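Per-entry structural report
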Amino acid sequence: MKDTKQNSFMMKLATFIVDKRNLFFLLTIIGIIFSCISQSWVKVENDLAQYLPENSESRKGLDVMEKEFVTYGSAKYMVSNISLEKADELYNQIKDLEGIQSISYNPEKNYKNVSSLYSITFDFDEKDSRCMEALNKVEDTLKGQDYYCVTELGNKNAEILDQEVQGIMVWVALIIVLVLCFTSQTWAEIPVLILTFLIAMILNVGTNFLLGTISFVSNSVTSILQLALSLDYAVILCNRFKEEHQTLDLREAVIVSLSKGIPEIGASSLTTIGGLFAMMFMQFKIGPDMAICLIKAILYALLSVFVVMPGLLMLFGPWMDKTEHKSFIPKIDFVGSFAYKSRYIVTPVFVVVLVVSFVLSKQCPYAYGYSNLETPKLNETQIAENKIEETFGSENYVALIVPSGNYDSERKLLAQLQSYEEVDYTMGLSNVEAMNGYYLADELTPRQFSELTNIDYEVAQLVYTAYAVKNEEYQKMIGNLSTYSIPLIDVLLFACDQVENISMETSQKELLNNAKTMMESGKKQLQGENYNRILVYLNLPISGKETYDFIDTLTALAQSYYPDGNIYVVGESTTEYDFKKSFEKDNLVVTVVSILIVLVVLLFTFKSVGMPILLILVIQGAIWMNFSIPTLTRNYIFFMSYLVVSSIQMGANIDYAIVIASRFNELKRIMDSKQAIIDTMNFAFPTIITSGTVLSLAGILVGHMTSDAAIVGIGSIGRGTIISMILVMFVLPQILLVGSSVVDKTSFSMPIKESKAKTKGKVRVEGIIKGEIHGTVSGMMKATVQGDVDLHVVSGQVEKEGEIDET
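Residues numbered from 1 in each chain as written. Predicted model: local features only at pLDDT ≥ 70, side-chain atom pairs only at ≥ 80, totals over all residues. Heavy atoms only, no water.

Before going further, it helps to spend a moment on the overall build of the protein chain. Per the secondary structure count, the protein chain includes 30 helices and 22 strands. Along the longest, intermediate and shortest principal axes, the C-alpha atoms of the protein chain span 125 × 55 × 55 Å. Within the protein chain, residue pairs in contact and separated by at least 24 positions form 77% of the contacts whose partners lie at least 6 positions apart. Looking at the protein chain as shown, the accessible area adds up to about 37,200 Å², and 55% of this sits on carbon and sulfur atoms. (Helix = DSSP H or I, 4+ residues; strand = E, 2+ residues; numbered from the N terminus. Contact = heavy atoms within 4.5 Å. Areas by Shrake-Rupley, 256 points an atom, 1.4 Å probe, with all protein chains shown as cover.)

Our next topic: the pattern of salt bridges. For side chains bearing opposite charge, pairing can occur when the charged atoms are close. Going through the model one piece at a time under the given rule, you end up with 20 salt bridges. In this structure, the salt-bridge partner of arginine 240 is glutamate 264, at a minimum N-O distance of 3.2 Å. Taken together, the residues span a long stretch of sequence, with arginine 240 in helix 10 (residues 231–244) and glutamate 264 in helix 11 (residues 250–277) at a distance of 24 residues. Residue classification places glutamate 264 among the partly exposed positions, given a relative accessible area of 33%. (Salt bridge = Lys/Arg side-chain N within 4 Å of Asp/Glu carboxyl O. Buried < 20%, exposed > 50% of the residue type's maximum accessible area, 1.4 Å probe, protein only.)

Let us look at the sheet that holds strand 16 (residues 568–571). The strand order 10-15-9-16 describes an open sheet built from four strands, whose pairing is antiparallel. Bordering the open sheet on either side are strand 10 (423–427) and strand 16, each of which pairs with just one other strand. Between one strand and the next, the sheet's axes are offset by a mean angle of 25°, whatever the strand orientation. As paired strands, strand 9 (residues 396–403) and strand 16 are joined by four bridges and run antiparallel to one another. The residue of strand 16 that forms the bridge with isoleucine 401 is tyrosine 568. Lying on the sheet, helix 23 (residues 572–606) is in contact with strand 9 and strand 16; it crosses strand 16 at an angle near 105°. (Pairing = 2+ DSSP bridges. Axes fitted to C-alpha atoms, helices over the stretch in contact; angles between N-to-C directions.)

A surface patch of nonpolar side chains, amounting to about 600 Å² of accessible area, comprises Phe334, Phe338, Leu697, Ile700, Ile722, Ile726 and Phe730. Elements represented by at least two residues in the nonpolar patch include exactly helix 13 (333–341), helix 27 (673–704) and helix 29 (716–730). It is helix 29 that contributes the most residues to the nonpolar patch, three residues altogether. Note on placement: phenylalanine 334 falls in helix 13. Exposure remark for phenylalanine 334: the relative accessible area of 56% places this residue in the exposed category. (Patch = residues over 30% accessible without salt bridge, like charges linked within 9 Å, V, L, I, M, F, W, Y side chains within 5 Å.)

The next point concerns helix 15 (residues 380–392). The end-to-end C-alpha distance of helix 15, which contains 13 residues, comes to 18 Å, matching closely the 18 Å that a straight helix rising 1.5 Å per residue would cover. Packing partners of the buried residues in helix 15 comprise strand 2 (72–80), helix 5 (107–110), strand 4 (111–112), strand 5 (115–125), strand 6 (146–151) and helix 7 (156–183). Capping the start of helix 15, asparagine 379 holds a side-chain oxygen 3.0 Å from the backbone nitrogen of threonine 381, two or three residues further along. (Expected span 1.5 Å × (residues − 1). Polar contact = N/O pair within 3.5 Å; in protein donor to acceptor, adjacent residues only side chain to side chain.)

Before going further, it helps to spend a moment on the nonpolar core. In this structure, Leu400, Leu615, Phe639, Met640 and Val728 are the most contacted members of the largest nonpolar core, which totals 171 residues. Core analysis: the next-biggest nonpolar cluster, separate from the first, contains 28 residues, Tyr407, Ala434, Phe449 and Ile486 among them. (Core = buried A, V, L, I, M, F, W, Y, C linked by side-chain atoms within 4.5 Å.)

Turning to the environment of glycine 621, a few remarks are in order. Relative to the assigned elements, glycine 621 resides in helix 24 (residues 610–626). Glycine 621 sits in the buried class, given a relative accessible area of 0%.

The next thing to look at is the packing of aromatic side chains. Ring pairs (aromatic) are described by centroid distance and by the angle formed between their planes. The tally for this structure, following the rule as stated, stands at 30 aromatic pairs. Judged by centre distance (5.0 Å) and plane angle (40°), the rings of tyrosine 105 and tyrosine 118 are tilted. Of this pair, tyrosine 105 sits in the loop between strand 3 (100–104) and helix 5 while tyrosine 118 is found in strand 5, placing the two residues 13 residues apart along the sequence. Neither residue differs from the other here; tyrosine 105 and tyrosine 118 are each classed as buried. An aromatic cluster is present here, built from Phe284, Tyr366, Tyr368, Tyr370, Phe579, Phe583, Phe627, Phe638, Phe639 and Tyr642 joined pairwise through their rings. Sitting above the plane of the tyrosine 577 ring, lysine 581 keeps its charged end 4.2 Å from the centroid. (Phe/Tyr/Trp six-rings, centres within 6.5 Å; stacked < 30°, edge-to-face > 60°. Lys NZ or Arg CZ within 6 Å of the ring centre and 35° of its normal.)

Such coordinate-based values are descriptive only and should not be taken to indicate function.
Right, dumping it as structure tokens:
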């Protein structure tokens, strides 16, 4: 009765969707127009560090830096094939440009192999658009020269990545068309499927702005993966329609196929969504970001299949009848025969390979930053970085954030840091030389300040008195003012602010104003309201255990000088170190959660404990094999890519195993195991080859046509899908044959109760039946029978002219 009510509801829902198709077409067109406009509203975050866990030291440090300090825009330019004289000339031209705060160029260090290196700091915050104006002026000056530029300004890398993704999308679209041509049975179904995919993709992209800000990773690969992951849904409904249309007219065939397709496709999507949902539990927030984007993409794909595609089938249905062609997919009886003959050999061999793959995958060389990663394609920025590194070497520094207000502790800390071999040099207020051997944090008396700035001693005393009044240090005025000492940076900036109120010569005012510019720049970068920033340049690589260990040493050392304050270390190395810490937990969580979610779905699907375990072992084995390859080739893989790929591979590739296992479970009841596995593989092959080919080739394209290392790593889903296809085609059948008894013994489903169906006239029969229809019948049957029907219905239904007699 429950199934009858459910079927009735689905029929009503499907009838409503089909009959109101013009309304849904109108709403879809409006949605597409809106999405084409709104896709430009999407905000994209290009910095992976923004997705660090909130409680990580790097995340806290970055937040403090954002609030306390100014980070000026900067750029490095290497000019090649240039004489020393020309290099000096360019230096003089650049430093006089408007918007240039400083330019670092020392011919002894920055001129090598007929190349010069200029490190430029601009007058403006790195987020200020005027930085780009100044950058353009520099490039105008260098016009005609052979130069390479490295800068964080602008969106050059994002623009390059967008172009690369657009190229990949073209290739993926071409692959989908070719695959559909190979696997289709009518030419007219191809535009139906493509339009369904395209509508889902446009609507998904156009609503990303509702998520606020998404990562560049999600923005780049979501559409590609959406096409690859949701291809099955449209194909299943299309195949359902063609099957129903053999005995039903167009409208009725679409309604019936949709009513049956909604629960079937919905169930199929659960494993994919479940695998993606596992990423929601990652500490590294790129996981939830990608999970939300991809799950939303899957939901839009389902919406397009359930709401738009039925109307397209009604529209293209007559053309599908006229454009039928012979199927190009061959029968693969040999695969089933091979499985039956090798079942006692392949199964134990797989167990051994599974164990070896598990061990090797645990040794996979993960990278937590880009420094150890290589990409098959280099963009303009990467080429420039490599050129500069080859000629002038690389640079690695971290920012040490300490509480402000204690210059003495900072001075001692800087001195001790310089004693470490791991430290090249340091830069903080306490060791930046200002004038005539004095450092910014050195405390000067009125006499010393007078001698340094060449102003009268009486004027200096007046400045110190005014400073004491402003800071309410009245005891200094009453006591001996001559011994009152103030840090140079503080008294100099104060004097500059009071310069119009103090009687001094023009040259002295110019001296103070020039000093003010330098002092303010240094203070904004190195001193905030509550914290000071110390730059520590390291003699260590960006990545590696030695670097990570020294970060701990650095933090502990700074804490010893500021026992009551918070200490933060920020830089590429510390970001990688925090990535490493979060990965150790995320890896376990994602693996366990994805397996548990898929396990629950499979338990309800098969109503057996044994079957889900067997299927998960096969796909998890494919994941382990996939990530054993980097171990054997010693090629690093970005840690985030591993987490994303393992989640997608478990969620998406398990569908291939489900198709085979479900069909085999049905057929083994009515025929011997050998024939059951042969028929099963013939049935499953079109689905697996269609979906698997698209996903694997899409992954391969992503891995070879982009220059971003994180996205290149996600391309390994292509290799993983190929491994999964091989295992479900050539290993899973043997496991099902050997483990069939285990599956049956661990089943908790209710025994099938056969029902009797007896009727006359035009009768529609579908299901596993046995009985007599003008002869003995035993097997899978789906047909319309004209005559007397006397059957035992093992599963399925007998329906007469829209009425269900018995189920």
